[in-house]
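Analysis of the macromolecular model
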Amino acid sequence: MRTISRVPIIAAVSAALVGSVALPASAAPTADSTVTVEVPVGTLSISAPATAALGTVTPGASASVGLTGVQITDDRAGVTGWSAQVALTDFVGVNAANVIPATTATYTPEAATVTGTATVAETPASDLSTAKTVQTATAVSGNNTATWNANLSVLAPAGALADTYTATLTHSSL
């Protein structure tokens, strides 16, 4: 009869058990990377129609013209509000002695159509000989645009002389 030594059997069973016992896995090595992205500060700009014709006017009467598509674009990606202003030079005739003063002009903006986040309020202005605020944006967050139409009206003085008068209407953004 043959005898089996217990030592080799015990060794074999022990090796099998050790191989089948799950050992805790060691954590995989890691490396962190700091990742950045920049949102640059853009600009605040304004655009307006290049020309407008009031047509003809009788002395002592008013003439008006619609201005369409005045637009402020705020690409500053911030929370600072803005305002739009208008100023008008005097209307000067071909004969430079003939003048219709800008003090007789009014600018009446309509409510702006806004894209982005901003609350925009319009303000009619008269006596455009100095800059007057006509739109104001508050509660701004990020980029936005505001587009509006306006009416420009000028009263020709009763003593206005026959001539072709020209003035410059300046829209500005602050």
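Up top you'll find the structure we're talking about.
Residues numbered from 1 in each chain as written. Predicted model: local features only at pLDDT ≥ 70, side-chain atom pairs only at ≥ 80, totals over all residues. Heavy atoms only, no water.

1. Section: the overall build of the chain
Rule in force here: Helix and strand labels come from DSSP, where a helix needs a run of H or I of at least four residues and a strand needs a run of E of at least two; each type is numbered from the N terminus. Using a 1.4 Å probe on the protein chains alone, a residue whose accessible area is under 20% of its type maximum counts as buried, one over 50% counts as exposed, and one in between counts as partly exposed. It only takes one pair of heavy atoms within 4.5 Å for two residues to be counted as in contact.
Of the regular secondary structure elements, the chain holds one helix and 11 strands. For the chain, the α and β elements follow one another from N to C terminus as α-β-β-β-β-β-β-β-β-β-β-β. Each of the 174 residues in the chain was classed as buried or not, and the buried ones make up 24%. Once local pairs closer than 6 in sequence are excluded, the contacts in the chain between residues at least 24 apart make up 75%.

2. Considering the environment of Ile46
For Ile46, the location among the structural elements is in strand β1 (residues 44-47). The spacing of Ile46 and Ile72 is 26 residues in sequence and 4.3 Å in space, taken between C-alpha atoms.

3. Digging into the nonpolar core
We apply this condition: Only buried residues count toward a nonpolar core. Its members are Ala, Val, Leu, Ile, Met, Phe, Trp, Tyr and Cys residues joined through side-chain atoms within 4.5 Å.
Within the largest apolar cluster, 29 residues are counted, with the highest numbers of intra-cluster contacts made by Trp82, Tyr107, Val120, Leu128 and Trp148. Here the element with the most residues in this core is strand β9 (residues 132-155); it accounts for eight residues. If sequence neighbours within four positions are ignored, Val120 has contacts with Trp82, Ala112, Val114, Gln135, Thr136, Ala137 and Ala146.

4. Side note on the sheet that holds strand β5 (residues 99-100)
To keep it simple, the criterion reads: When DSSP finds at least two bridges between two strands, those strands are taken to pair.
Overall, antiparallel pairing links the three strands, which are arranged β5-β4-β10 in an open sheet. Either end of the sheet is taken by a strand with one partner, and the two such strands are β5 and β10 (165-166). Pairing geometry for strand β4 (residues 91-93) and β5, over two bridges, is antiparallel. Bridge pairing in β5 links Val92 to Val99.

5. Let's talk about the pattern of salt bridges
Let me state the cut-off plainly: The rule for a salt bridge is simple: a side-chain nitrogen of Lys or Arg has to be within 4 Å of a carboxyl oxygen of Asp or Glu.
If you walk through the whole model with that rule in mind, you get one salt bridge. The partner of Arg76 in a salt bridge is Asp74, and the shortest N-O contact between them spans 2.8 Å. Under the relative-accessibility criterion, Asp74 is labelled buried at 1%.

6. A short note on the pairing of strand β2 (residues 62-74)
As judged from the four bridges shared by β1 and β2, these two strands associate in the antiparallel manner. Bridge pairing in β2 places Ile46 opposite Ile72.

7. Some details on the environment of Ile72
Considering the arrangement of structural elements, one finds Ile72 in strand β2. Given the relative accessible area of 0%, Ile72 is considered buried. Separated by 12 residues in the primary sequence, Ile72 and Ala84 place their C-alpha atoms 7.7 Å from one another. With residues up to four places along the chain from it excluded, the contact list for Ile72 reads Leu44, Ser45, Ile46, Trp82, Ser83, Ala84, Asn144, Thr145, Ala146, Trp148 and Ser173.

By themselves, these figures tell us nothing about what the structure is for.
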